[in-house]
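Spelled out, the chains give:
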Amino acid sequence: AERSNLAGVRHILLVLSGKGGVGKSTISTELALSLRHRGKKVGILDVDLCGPSIPRMFQLQDSDVHQCDSGWVPVFVDQEKSISLMSIGFLLEKPDDAVVWRGPKKNALIKQFVADVAWGDLDFLIVDTPPGTSDEHISTVEALRPYKPLGAILVTTPQAVSVGDVRRELTFCKKTGLRVLGIVENMSGFVCPHCSECTNIFSKGGGEELAKHAGVPFLGCVPLDPQLSQSLEEGRDFIQEFPKSSAFPALAHIAQQILDGASQRSS
Amino acid sequence: QVALLDIDICGPSIPKMMGLEGEQVHQSGSGWSPVYVEENLGVMSVGFLLSSPDDAVIWRGPKKNGLIKQFLRDVDWGEIDYLIIDTPPGTSDEHLSIVQYLSATHIDGAVIITTPQEVSLQDVRKEINFCHKVKLPIIGVVENMSGFICPKCKNESQIFPPTTGGAEKMCQNLNVSLLGKVPLDPQIGKSCDKGQSFLSEAPESPATLSYRNIIQRIQEYCDQRHFQEEKII
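Note that the structure is a prediction, hence the values are computed from the model and not measured. (Residues numbered from 1 in each chain as written. Chains lettered and ligands numbered in written order. Predicted model: local features only at pLDDT ≥ 70, side-chain atom pairs only at ≥ 80, totals over all residues. Heavy atoms only, no water.)

Peer 1: Hey, could you go over the sheet that holds strand β8 (residues 138–143) of chain B for me, with residue numbers and the actual values?
Peer 2: Residue and element names in this part refer to chain B. Taking strand neighbours across the sheet as the criterion, the three strands line up as β7-β8-β11 in an open arrangement whose pairing is parallel. Only two strands of the sheet have a single neighbouring strand rather than two, namely β7 (110–114) and β11 (178–181). Shown here is a sheet whose adjacent strand axes are inclined to one another by a mean of 20°, direction ignored. With three bridges joining them, β8 and β11 adopt parallel strand pairing. Residue pairing in the sheet places Val141 in a bridge with Leu178 of β11. Relative to the sheet, helix α4 (residues 118–133) contacts β7 and β8, its axis offset from that of β7 by approximately 165°. (Pairing = 2+ DSSP bridges. Helix = DSSP H or I, 4+ residues; strand = E, 2+ residues; numbered from the N terminus. Axes fitted to C-alpha atoms, helices over the stretch in contact; angles between N-to-C directions. Contact = heavy atoms within 4.5 Å.)

Peer 1: Talk me through the pattern of salt bridges; I want residue IDs and the actual numbers.
Peer 2: All names here are of chain A. Taken as a whole, this structure holds 17 salt bridges over all chains when the rule is applied. Arg36 is paired through a salt bridge with Asp78; the nearest N and O atoms lie 2.6 Å apart. Of this pair, Arg36 sits in helix α1 (residues 24–37) while Asp78 is found in the loop between β5 (75–76) and β6 (83–87), placing the two residues 42 residues apart along the sequence. This pair shows no difference in class: Arg36 is buried, exactly as Asp78 is. Salt-bridge contacts for Arg236 lead to Glu241; the nearest nitrogen and oxygen are separated by 2.8 Å. (Salt bridge = Lys/Arg side-chain N within 4 Å of Asp/Glu carboxyl O. Buried < 20%, exposed > 50% of the residue type's maximum accessible area, 1.4 Å probe, protein only.)

Peer 1: Which residues make up the interface of chain B and chain A, and what values go with them?
Peer 2: The interface is formed by 56 residues belonging to chain B together with 56 residues belonging to chain A. Across the chain B/chain A interface, buried area totals approximately 4,700 Å², and carbon plus sulfur atoms make up 56% of it. For chain B, the biggest contributors to the area lost against chain A are Ile58(B), Arg60(B) and Lys126(B); these three give 15% of the whole. Between chain B and chain A we count four salt bridges in total. Where Asp135(A) meets Arg60(B), a salt bridge forms, and the shortest distance between an N and an O atom there is 3.4 Å. Here chain B is connected to chain A by 26 residue pairs in polar contact (both at pLDDT 80 or more). Listing elements by their share of the side of chain B that touches chain A, those giving two or more residues are α1 (14–17), α2 (61–74), α3 (93–101), α4, β10 (156–157) and α6 (186–194) of chain B. Across the side of chain B that touches chain A, the residue classes tally to 24 nonpolar, 18 polar and 14 charged. (Buried area = accessible area lost by both parts, 1.4 Å probe. Polar contact = N/O pair within 3.5 Å; in protein donor to acceptor, adjacent residues only side chain to side chain. Nonpolar A, V, L, I, M, F, W, Y, C, P; charged D, E, K, R; others polar.)

Structural measurements only, silent on function.
In structure tokens form, the structure reads like this:
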């Protein structure tokens, strides 16, 4: 029998949220960079077909995808091939082209993305998703089920309006049998670079409360950090370049917990 | 007389923001009754059809489309001046369906929201393309979360830096109107969480001023269109 394209992937994790704009793609990207710095080989599969953000976060929005015998070759971020990417962003003729597809067409591409990307050997495959609990999510979980994903990280911002949607995402995980690795409270506080006053622009604590209420691990608060935003805009390696930045400790801690969870499962 | 229709089926935020969490929809001979915030502001959302805040709507496209059709067909809005439709992110089933189902009537246009950074603009350009594709007029773009003024030292920080010129540059390039920029104000999130009107809670906030200017421009656009249509008739 043909070896599946996911056979060499040790751990698969999904980054989910009920809400848009909370930073799923940011967390996916920073997690990949953190894991790379710990010597891991990481792939990112971007299944946000309408708003694919991953290519730009690595300044690879102009890259093309090539085919090989076993399927699509992912786009490598560096010479060492330590991070590889797949996104519909690479398949668009023009970057502003809208993907105006209904569910069935989206489902078909997601199936292909899961089965036909020649990832090779990876320690981690991070699957970045769009907000919601619909076609993309149902199809992705179904297609990944045979490969027994490690679980899902849920991202929220602190305020109740965001947490309200993430509660529904938790239900989605429960109903589809997807293990919840934990909740990340993103955009949690802003420290003014001029005077160091901390302001809770999007409130505080909602993510931690939700984790407690739902009985899932709380992975930590990531503050709003203009250096992080700037890094992402410029496709830079935040983990390497800004270890003294306010978001760094939180992101490193999240990666550590994922590594701990993965090695626990392996043993 | 305003109607607010929430077609974000998976992530319905409007009930909470309007202080209507826990409300249910009532049926009458004339259809579904919207839930009223005030006499002249009625709201409809899938949120009102769910029995618990943990209930997830795990539906594929066709089922979502079915509910949107029902919302448009069966809700007894009465006579209204403005029907505002809040959508989820994306360019998929909900967006195609709402434009299709409303094609028999007229849509004044779309207001498109972005934040200043390129990762957001990148998606918004696609949304603008979507509007062109389905012949949906664009009233204009709003740049949200546009700068933050520290309450202590009053210095401004660009939390979401407009590294590629923000909405302003994008609007220039794509020939659409920039309706305005709304700065970050922690009171906005607080008010939405409590289900209270930010405009009433923080009348002096720079964000309130921005919102009001934007709303005025939208009203002017709509008034102009009606005037033009009446001239044609």
